[in-house]
Structure formats: C-alpha cells, structure tokens
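Residue-level structural notes
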2 protein chains.
Amino acid sequence: MSQHGLLIVISGPSGVGKGTVCQALLKQKADLVVSVSKTTRQPRAGEKDGVNYFFVTPEEFQQSIADGDFLEYACVYDHYYGTPRRAVEKMLAAGRDVILEIDTQGALQVMQTYPQGVFIFLLPPSGAELRNRIVKRGTETQETLKKRLAAAKSEVELAYKYQYVIVNDRVEAACERISAIIKAEKMRVMRNQELIKALVEEVKE
Amino acid sequence: MSQHGLLIVISGPSGVGKGTVCQALLKQKADLVVSVSKTTRQPRAGEKDGVNYFFVTPEEFQQSIADGDFLEYACVYDHYYGTPRRAVEKMLAAGRDVILEIDTQGALQVMQTYPQGVFIFLLPPSGAELRNRIVKRGTETQETLKKRLAAAKSEVELAYKYQYVIVNDRVEAACERISAIIKAEKMRVMRNQELIKALVEEVKE
C-alpha cells in the first residue's frame, strides 16, 4: 500500500544528543531522509552547507519567512533556524519518511503546523548526565554554557507535550526504539483510512 | 523502569485469524500472558478448560456478571463469553503485558471499561480471502456460516474505532507488527508520567 510519508520530529533538551541519534538512525535506515534546516548562524568546525544546514544571511532568512516557506522557525541564542516547508511536503507526498531534528521551540510550532507528525522527545538518563553532556561539548563560551544549562532545565518539562519519550542511554537502543515507533505509527487507523475504506467496500459487495 | 503492564486487545472480524496470530505471538514472546475468557459454549475438538477458555454453566456466568467481575462480556451466536476483570488487573499491576483475543463486541466494551488498552484490529488481505477463511473453517452448520459471513461484513467497518490496523497476510509478519506496536506504546508519554516527573524534579535541583 502506498502511504503518505511520516514526518518524524526528534527533539529534546539542549545537549541530550539529538544530532548523534539522528545521524546513527539515518545510517541504519536507508529509507529515511533528513530535513535540512536553514540557519543564520556560522558553521561550526566540520559542518557543511547543504548537509548539516543551509547557511543563509539574515536577509535571505527573512525573505523565506515572508514567502511562508517555513514549517517552523525559531531564534535560539541570537540565531535563526527554520525548516523549509515545501521541501518537506514534497518528500512526504512521495511517500518518504522525513526526520526532523529540532529544538523544543521548533517542535512546538510543528505540532501546530503539522499535527499529523510523530513527536518524539529524547530524555537524558539523568539530570547529572545532561549537565555532563552540555559541559563536555566544549564549543560554548561561559555565558552561552550558562544559558544552555538554564534552558535545558525548563526544556525537560516540555516532554509532556510530545507523543513519545525515549531515554537516550545508548545511541543504538534509541535508534531501535525510534524504528519501532515508525513501524507502529504506520499502522495507526488514522493513517490507513483509504485501506480500510477499500476493504469495507469490497466486503459489502 | 517498572511500568504497569499493557492490555493488548487483538480483535477483528470473524474468521480473520485472531486465534492463530495470538497463539504464534505467545510462543514468540515469553513475557506476554494471555487472558483466558469464561464461556458458556461447548468445547470444540482439542480445546481444554483453563487453557482456551474456562467453560462454565450459564448460572456461573450470571453470577460473575452480578459480582462485577467482567472487563467485557458478550453474547455471540447464543453463547456467552467474558473476560475476568480482576485476573487481568492483577497481571497488569504486576507489570505483565496481557493479550486479549476478543470479538468486536467485546473489544468495544473494553474501550469503555479500560480505555488505556492498546486496540488492534486485524484486517483480512481481501474480502474474498475473509470469505475463504470462514468457509474453510468447516466447523459451522449452513445457518451459522450464513450468520458469520453477514457479521464479518459489518465487523470490518468497526476498524475505524480502533487505534491500529494490521493486515493479517502472513502470521509471522502480523506478529512482528504487533511486537513493534507493543514496544512503541511503552514509550508513549501518557505511560511515562512518573519517569518524566522524576527527571524534571532532578534537573530542577
């Protein structure tokens, strides 16, 4: 049966390991595609334009907002990040499952603009471990580190707004759990209305 | 984390193969337990009391109704079938996942009495195949066969009331799909309130 693709939103507090989990998942599952966001922030070491992000100017970003071409966008630590709506919708219509790795601000917007998405929140194994991961990252100034720690605290509480929570204790285990969620979501009645309708018609003949 | 068990309701039209799928699933997954129903009908060849059903008299069945000890009960083809409530709740409280294989009448009742259950509807690969399976069963008189075919037609439409649909094309594939649903359901936010709460408290310290 040819189904519309799933938009799988992987989110969670700053430092929980969203990026690592998504990269591992994409390596494992050849049928998944990732949504590449636009951002106005500078590339970090090793990041490539068009792969990790589309790096754009603030002016270009504002133009995309004006064009209505964001499924979500947010300003985080003084930089803009956004998910191009048309690119994602095109992949979904072609039956591809799309992974969206985004911060909690963005995820809350997608719950409004694309409620049929699958919303997964990654939890750290413990509060102490979350702190460790943020500190170890080491790409932060003291000031942004402080901001990030404070944000992470309030972000964990947003888990209640999602559909699923996954404890990110081991990357492979997290990937397996996401795979099970994707498989299960494809069987939800609301995603199989046409299949059921066709069978009801056939049985009634 | 010690979670409350899941009540997994496997249902679908007469003849779709609920029993075969559930037996295969129980063989594969040692952590699942099955709820044994009470019934007033006569045992079929090979059926054992306490394994397939508890075979009881109509008087005993009425007493259990009076005692409020049914999660659901129904009268199908002039016989009573019911799921003992206390036995199931005891297993769930002990963290066991319980499989309930029931007809659509029973499942609709459980949606009322135990809405936190997981409701899965098995679909036949086609209307013709459903008819084949009912006819091949061969345990029916001409009259009950007619009744069963008519019932199956109206039952397929009830799929819309469930959470998940699975096409029962191959038994092993159906079992795999049910396993994915069980795994995913354990990650649902509503089933992890305590885990999230504990982490929110810890992070806030």
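The following refers to the structure shown. (Residues numbered from 1 in each chain as written. Chains lettered and ligands numbered in written order. Predicted model: local features only at pLDDT ≥ 70, side-chain atom pairs only at ≥ 80, totals over all residues.)

**Things to note about the sheet that holds strand E7 (residues 97–101) of chain A**
Residue and element names in this part refer to chain A. Spatial ordering of the open sheet is given by E2-E7-E1-E8-E9, a layout of 5 strands whose pairing is parallel. Of all strands in the sheet, those bounded by a partner on one side alone are strand E2 (32–34) and strand E9 (164–167). Ignoring which end each strand starts from, the neighbouring axes of this sheet average 30° apart. Bridge analysis of E2 against E7 gives 3 bridges, and the strand direction is parallel. The residue bridging Leu32 from the neighbouring strand is Asp97, located in E7. (Pairing = 2+ DSSP bridges. Helix = DSSP H or I, 4+ residues; strand = E, 2+ residues; numbered from the N terminus. Axes fitted to C-alpha atoms, helices over the stretch in contact; angles between N-to-C directions.)

**Describing the packing of helix H1 (residues 18–28) of chain A against helix H7 (residues 171–185) of chain A**
Residues and elements named next belong to chain A. Here H1 crosses H7 at 65°, and the two axes come no closer than 9 Å. The handedness of the crossing between H1 and H7 is right-handed. Counting all contacts with H1, which are made through Thr20, Val21, Ala24, Leu25 and Gln28, the residues of H7 involved are Val171, Ala174, Cys175 and Ile178. A per-class count over the contact of H1 with H7 returns 7 nonpolar, 2 polar and no charged. (Left-handed = near helix turned anticlockwise from the far one by under 90°. Contact = placed C-beta atoms within 7 Å. Nonpolar A, V, L, I, M, F, W, Y, C, P; charged D, E, K, R; others polar.)

**Some remarks on the environment of Val88 of chain A**
Residue and element names in this part refer to chain A. Here Val88 shows up in helix H3 (residues 85–93). On the basis of neighbour count, Val88 is assigned to the buried category, with 22 C-beta atoms found within 10 Å. With 35 residues separating them in the primary sequence, Val88 and Leu123 have C-alpha atoms 26 Å apart. Sequence-distant contacts of Val88, defined by excluding residues within four places in its chain, comprise Leu7, Ser35, Leu71, Thr83 and Val98. (Buried ≥ 20, exposed ≤ 12 C-beta atoms within 10 Å, placed from the backbone.)

**Some remarks on the pairing of strand E5 (residues 70–76) of chain A**
One face of the sheet, then the other: side chains in a regular strand alternate in exactly this way. Residue and element names in this part refer to chain A. Here E5 runs beside strand E6 (residues 79–84); their pairing, made up of 6 bridges, is antiparallel. Its bridge partner being in E6, Glu72 is matched across the sheet by Thr83. With antiparallel pairing between neighbouring strands as the criterion, E5 and E6 make up a hairpin whose turn holds 2 residues, including Tyr77 at a positive phi of roughly 50°.

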